[in-house]
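Summary of the model geometry
What follows is the residue order along each chain.
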Amino acid sequence: MNKSKLLKRFRMLSRVMSNRGDITINLTGNRCYTDYNSITLPVGDLENPDYLELLEGAIDHEVGHLRWTDRTWTAKSYEKGAFFNAIRNGIEDIRMERMVCLEWPGAILNLSKMVTQGIKKGWFSKPTDSFPPSLLLQAVVVYYGRYKINDQVQLKEFCEIALALLTDCIGQKPVHDLILLLDTIPALQSNQHSYELTEQIIQLLKKIEFKPGDSQGDNSGDSQGDDSGDSQGQNSSVSQQVINFVNECLNADESQLMADLHEQVNNELEKMSDEVRSSNHMEQLIDFNAPLISKNDRGTVGTAELNLAKRLSTPISRELHKIIYGLDRKCVNFSKQGRTVEANRLAGVKAGNFNVFKSERITKAPTMAISVLVDRSSSMSAVEMNGANTSALAINLAIDKLKGVNSECIYFSAGDLYEAKCFKSTTKAVKDNFRVSSRGGTHTGLSLYSVIRRLSLRVEQKKVVFIITDGQASDLMYLEKSIEMSELLGIQIVCIGINTGMLYGFENQELLNIQTVEELPSILKQVIKNKLIA
């Protein structure tokens, strides 16, 4: 599966499963995190089934938290200590994943594969008598809940071993009472309920009382009692062991607990991403390498032809309108029932074709965000810079006339980026900002990277970058990876060359070259003809 299709699949799943349309899924970079509004996943080897299984499991798990986990109770849980939070987190993961699977049955397989990966990588390990008390009790909660409640049968053996070991430590009756509490997980409706169930488990532990014959779950209460003093001493010793077990649980730190599955998956995905980058000798796109964006520019002393830009904005707007609203989709169906009869099909009734009722469904063109990225490097002559300024101004004026389309204009060189127009402002209000002069090198790749990051966070359904340049990029490695990122995120790039026969680094992109600004409308016709925006 290619990256673009994979990302589209994940985005579709996030919208369907979360019941929210505002979740952004970024498949980029080498870090994994969520901020409860977006999910960022690292790019790894898409031919590696382990990577794909973890990636799909992570999506289902994180989207479940976005929809069903209230962070307020997670924060309260952290305040109660490491052991309390580990038990609550295990319960909440089980409850939340169960909700995900009920809402979206396809997640059952993805989450099960993630658990299998967890067993293979040692995140879920077979319990032994060397487990610390806190880890053993946590294992019972996690393995029992995932096996018995979420049907993750690969944990059956681990669950049975953990229950047997816990019974040896605290007795059969307390374990029975613990299971009764865990069996209530399907009825929990919120993270608050997970928190409250954890409180009940803690209270159960604190109230455990040793009773002869119950401590080991065996026949210890059936002894002949030849030496009552020895028997009482043994019972006292076992009772103290139970007390010590409970105290060790309540006072455990993170080193004595199972690591959070969320963190384990994230760390593994990041590790896989780093390994791919290392093996391919890829130069990483690190955030702090990207140029900053400034709203002020001391170099706005260039020229731009305002009247020409205004005149050209109308035909440009007309061509852009054809491109954008050409994305409307019309679907016509015929059936045996309906309200509108298609007269041309009535002749077929005698032949048995009763599908004469016509229905139409029109899917509106998506909203769109366009970044106009303009080269202002020293290789741009004064004439070329004037053409670039006027072209950028004309394009942004034209976009302002289109409903559902927003634009920004960013100038780049080897320094910080200059924002001539932001998405919120109108072009007319900031027209003087387009009088930009040339200076510095040509960091096209890093600049494109910054723009792509900004676009990826936009709410519009479709995103496009218009690059206006003379084609002499000085950071081809970054440019190559930025183009790869744009393809991954479904962001299209339209290259407009100023008096150049080649855009270096864009060899696989179609070049639209202009000699004068007046050619812009015809160039955009070429965009339509070649379907560069689809």
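Residues numbered from 1 in each chain as written. Predicted model: local features only at pLDDT ≥ 70, side-chain atom pairs only at ≥ 80, totals over all residues. Heavy atoms only, no water.

A look at the environment of Gly404
You can see Gly404 is positioned in the loop between helix H13 (382-400) and strand E8 (405-412). Since its relative accessible area comes to 36%, Gly404 is described here as partly exposed. For the pair formed by Gly404 and Ile324, sequence separation is 80 residues and the distance between their alpha carbons is 9.7 Å. Other than its neighbours up to four places away in sequence, Gly404 contacts Thr367 and Met368. (Helix = DSSP H or I, 4+ residues; strand = E, 2+ residues; numbered from the N terminus. Buried < 20%, exposed > 50% of the residue type's maximum accessible area, 1.4 Å probe, protein only. Contact = heavy atoms within 4.5 Å.)

Considering the pairing of strand E3 (residues 38-41)
Burial along E3 is two-sided: Ser38 and Thr40 and Ile39 and Leu41, pointing in opposite directions, are all buried. Of the strand pairs in this sheet, strand E2 (residues 33-34) and E3 are connected by 2 bridges, and their pairing is antiparallel. Across the sheet, Tyr33 pairs through a bridge with Thr40, a residue of E3. (Pairing = 2+ DSSP bridges.)

Here we look at the pairing of strand E9 (residues 417-421)
Of all 5 residues in E9, 5 are buried; the element is thus mostly enclosed. With 2 bridges connecting them, strand E4 (residues 293-294) and E9 associate as parallel partners. Of the residues in E9, the one forming a bridge with Ser294 is Tyr418. Relative to E9, E8 runs antiparallel, the two sharing 3 bridges.

Quick look at helix H7 (residues 156-170)
Between its first and last C-alpha atoms H7 spans 21 Å; for 15 residues at 1.5 Å apiece the expected length is 21 Å, and the two agree. All of the buried residues along H7 are Phe158, Cys159, Ala162, Leu163, Leu165, Leu166, Thr167 and Ile170. Of the residues one or two after H7, Gly171 is the one with positive phi, at around 100°. (Expected span 1.5 Å × (residues − 1).)

A short note on the pattern of salt bridges
Counted by the stated rule, this structure contains 13 salt bridges. Two residues, Lys322 and Glu319, come together in a salt bridge whose shortest N-O distance is 3.6 Å. One end of the pair, Lys322, and the other, Glu319, are both in helix H12 (residues 306-325), 3 residues apart, so they sit about a helical turn from each other. Take Lys322: its relative accessible area is 46%, and that puts it in the partly exposed class. A relative accessible area of 5% means that Glu319 is categorised as buried. One network of salt bridges, in which partners are shared, links Lys295, Glu408, Glu419 and Arg454. (Salt bridge = Lys/Arg side-chain N within 4 Å of Asp/Glu carboxyl O.)

With respect to helix H14 (residues 444-456)
With 13 residues, H14 should reach 18 Å at 1.5 Å per residue; the first-to-last C-alpha distance of 18 Å fits that figure. In terms of residue burial, H14 counts as a mostly covered element, since 11 of its 13 residues are buried. Among the residues of H14, Thr444, Gly445, Leu446, Ser447, Leu448, Tyr449, Ser450, Val451, Ile452, Leu455 and Ser456 are the ones counted as buried.

Quick look at the packing of aromatic side chains
Think of a pair of aromatic rings as described by two things: how far the centres are apart, and how the planes are tilted against each other in angle. This model, assessed by the stated rule, comprises 5 aromatic pairs. Their ring planes at 75° and their centres at 6.2 Å tell us that Phe124 and Tyr143 sit as a pair that is edge-to-face. A residue pair is termed long-range when its members are at least 10 positions apart, and Phe124 in the loop between helix H5 (107-120) and helix H6 (133-149) and Tyr143 in helix H6 qualify at 19 residues. Assessed through its relative accessible area of 4%, Phe124 is described here as buried. Each member of the aromatic cluster is reached from another via a ring pair, and the members are Trp73, Phe84 and Tyr195. (Phe/Tyr/Trp six-rings, centres within 6.5 Å; stacked < 30°, edge-to-face > 60°.)

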